[in-house]
Amino acid sequence: MLEILKASKIFPNQRLPSHFLEIEGKVSVVCIPGKGRGLFAKQVFNPGDLIIGHRALEIIFPDSAATVPSSILLSRVKRFRCLKESLAKLASTDEEVRRKLYFLHAGPKLGFVGGDEREVKKSISLARIEGVILVNGFQGPSTRVGETGGPFGLWYLPSFINHDCSRANANWNIVNDFIFIIAAKQICVGDEILISYIDPDQPYAVRNELLLKHDFICTCKLCNLERDEGESIRRQRDTILAKFKNHVDSISSNFLPDVQLLSSILEELKFLRRDLPLEENPFVLQPMMQLGLALFERNKYNEAIPLFEDAIKLCRRLIQFSSVATTLSIAVLKCYLNLTPENTSTNYEVTIKNWIYAMRDCIIIQYGSRQGDDDEWRGILELRMPGLLSQIEPYLK
Ligand SMILES: [Zn+2]
């Protein structure tokens, strides 16, 4: 993983050289009555174990698609069209690609061609390719400032992994043309591997619309909770989230975040779900982080720490926030490094050491680690946060 992360710095936004091999964990595609198909574990995976690392069947990077980057929508539409055309070209000459495109689910009308009836026809319709991309395409995050959305691609085996907003046990990560599926919780033999396709801190209507594109309605704990809460609470929450977004959009180099406003937004969001544990209220995550950062910028480290800690607890429950957990654990560590033993209530050195290990675990769960290699996380930290490693190394001795 570290080699691929390093290579992605040398070859940004392009396919990695062919000597980077795919990683095949022990998994199998299984039919689930009434639900379609899913990917199941044939071995135990511990948190941080790489389950699979796959090259894209086809991927479109922002550079090659977004010639008109002025509008997010336009570039997304363009990326979609590029991927469709490129897959059609591949499928016209490559029988294996065609077979995979027939075997993947292409939406309610076209379904998939599998089992005994599967036969690789000489051609494949654009409608099927479009359906396959809609249901199975993965959109990566932007990798550069100013980019409107990241790479968009199709990966074969990961396409069989089902979604759950709150019970996901694995994490996905796109690095150049690779996708990595990493165990984020203990996965036993026979367990279904579940990821989350979306971030659950978006308004319910947005999430529902995104998941409908994948051809299902989510019945996870969080989505059911929101359906039960009813229209009035959802509308109140949407108003608060819109106020939050407006404020964040207005933050610039000469306009600092408003601590009081962020605090009141956070309290209002907590109040709407006051009878439930914080981990079941993903909407508080972003305001909590922004407030923590605002306090950090004002050197109020002791006030920022509990906010970051609460946010990390939430991230540990909801695996799709693994990358956020890494950022937050680095933030807590920086808070402590900015404090001195006199102005912390706990044993300073022990606290720092504990947070270094907490950060290591976050990095391993986000990026994965080669089994038995306890040092790989150091390399990843050095890539992400140059200089921090040398600052914390004395505490590890
Ligand atoms: Zn859900």
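Residues numbered from 1 in each chain as written. Predicted model: local features only at pLDDT ≥ 70, side-chain atom pairs only at ≥ 80, totals over all residues. Heavy atoms only, no water.

- Going by what an unreviewed UniProt entry lists, the chain is known as SET domain-containing protein 5 and is assigned to Folsomia candida.

**Quick word on the overall build of the chain**
- Across its full length, the chain carries 15 helices and 11 strands.
- Based on the C-alpha atoms only, the size of the chain along its principal axes is roughly 75 × 55 × 45 Å.
- Within the chain, the fraction of its 397 residues that count as buried is 50%.
- In the chain, the share of contacts with a sequence separation of at least 24, taken over all contacts with a separation of at least 6, comes to 65%.
- Total accessible area computed for the chain in this model is approximately 19200 Å², and 54% of it derives from carbon and sulfur atoms. (Helix = DSSP H or I, 4+ residues; strand = E, 2+ residues; numbered from the N terminus. Buried < 20%, exposed > 50% of the residue type's maximum accessible area, 1.4 Å probe, protein only. Contact = heavy atoms within 4.5 Å. Areas by Shrake-Rupley, 256 points an atom, 1.4 Å probe, with all protein chains shown as cover.)

**Things to note about the packing of helix H10 (residues 285-297) against helix H12 (residues 322-338)**
- The geometry of H10 relative to H12 is characterised by a closest axis approach of 12 Å and an angle of 25° between their N-to-C directions. In terms of their interaxial angle, H10 and H12 are classed as roughly parallel. Regarding H10 and H12, the two cross each other, and that crossing is left-handed. Mapping the contact onto sequence places Leu-285, Met-289 and Phe-296 in H10 and Val-324, Leu-328, Ala-331, Lys-334, Cys-335 and Asn-338 in H12.
- For the contact of H10 with H12, a count of residues per class yields 7 nonpolar, 1 polar and 1 charged. (Axes fitted to C-alpha atoms, helices over the stretch in contact; angles between N-to-C directions. Parallel < 35°, antiparallel > 145°, perpendicular 65-115°, else oblique. Left-handed = near helix turned anticlockwise from the far one by under 90°. Nonpolar A, V, L, I, M, F, W, Y, C, P; charged D, E, K, R; others polar.)

**Digging into the coordination of the zinc ion**
- Those protein atoms acting as donors to the zinc ion are Cys-165 (SG), Cys-218 (SG), Cys-220 (SG) and Cys-223 (SG), and they sit at 2.3 to 2.4 Å.
- Relative to the metal, the 4 donor atoms surrounding the zinc ion lie at angles of 105 to 112°, and the coordination shape comes out tetrahedral.
- Along the chain, the residues that donate to the zinc ion are spaced as C-x52-C-x1-C-x2-C. Of this pair, Cys-165 sits in the loop between strand S8 (162-163) and strand S9 (170-175) while Cys-223 sits in helix H7 (residues 221-229), placing them 58 residues apart in sequence.
- Judged by its relative accessible area of 1%, Cys-165 is buried. (Donors = N, O, S within 2.8 Å, 3.2 Å for Na, K, Ca; no water. Tetrahedral: all angles 85-135°; square planar, octahedral: opposite > 155°, others 65-115°.)

**Side note on the side chain of His-163**
- Note that His-163 resides in strand S8.
- A polar contact is formed between the side chain of His-163 and the backbone nitrogen of Cys-165, at a distance of 3.3 Å.
- Once residues lying within four places of it in the same chain are set aside, the contact partners of His-163 are Leu-194, Ile-195, Ser-196, Tyr-197, Ile-198, Leu-211, Phe-216 and Cys-218. (Polar contact = N/O pair within 3.5 Å; in protein donor to acceptor, adjacent residues only side chain to side chain.)

**Examining the packing of aromatic side chains**
- Taken as a whole and assessed by the stated rule, the structure comprises 10 aromatic pairs.
- Between Phe-138 and Trp-155, the ring centres sit 6.0 Å apart and the planes meet at 85°, which makes this aromatic pair edge-to-face. Here Phe-138 is found in strand S6 (residues 138-139), whereas its partner Trp-155 is found in the loop between strand S7 (152-154) and S8, with 17 residues between them in sequence.
- Between Phe-296 and Tyr-301, the aromatic rings sit 5.3 Å apart at their centres with planes inclined by 70°, giving edge-to-face as the arrangement.
- Residue classification places Phe-296 among the partly exposed positions, given a relative accessible area of 22%.
- On the basis of relative accessibility, which here comes to 12%, the residue Tyr-301 falls in the buried class.
- Here a set of aromatic residues connected by ring pairs shows up, and it is made of Phe-103, Phe-112, Tyr-156 and Phe-160.
- In this structure, Arg-37 is placed above the aromatic ring of Phe-112, and the distance from its NZ or CZ to the ring centre is 3.4 Å.
- Directly above the ring of Phe-271 sits Arg-274, whose terminal nitrogen or CZ lies 4.0 Å from the centroid. (Phe/Tyr/Trp six-rings, centres within 6.5 Å; stacked < 30°, edge-to-face > 60°. Lys NZ or Arg CZ within 6 Å of the ring centre and 35° of its normal.)

**Observations concerning helix H1 (residues 2-10)**
- Within the sequence span of H1, burial applies to Leu-2, Ile-4, Leu-5, Ala-7 and Ser-8.
- Residues of H1 that are buried sit in contact with S9, strand S10 (178-183), helix H13 (348-367) and helix H14 (376-384).

**Focus on the pattern of salt bridges**
- Summed over the entire model, instances satisfying the criterion amount to 23 salt bridges.
- Linking Glu-58 and Arg-15 is a salt bridge whose minimum nitrogen-to-oxygen distance equals 2.1 Å. Remark: Arg-15 occurs in the loop between H1 and strand S1 (23-24) and Glu-58 occurs in strand S5 (residues 58-60); sequence separation between them is 43 residues.
- Here Arg-234 ties to Glu-231 by a salt bridge, and the two come within 3.1 Å at their closest N and O atoms. Placement of both Arg-234 and Glu-231 in helix H8 (residues 231-250) is noted, with a separation of 3 residues, approximately one turn of the helix.
- Exposure remark for Arg-234: the relative accessible area of 19% places this residue in the buried category.
- Salt bridges linked by common partners bring Arg-207, Glu-226, Glu-229, Arg-237 and Arg-273 together as one network. (Salt bridge = Lys/Arg side-chain N within 4 Å of Asp/Glu carboxyl O.)

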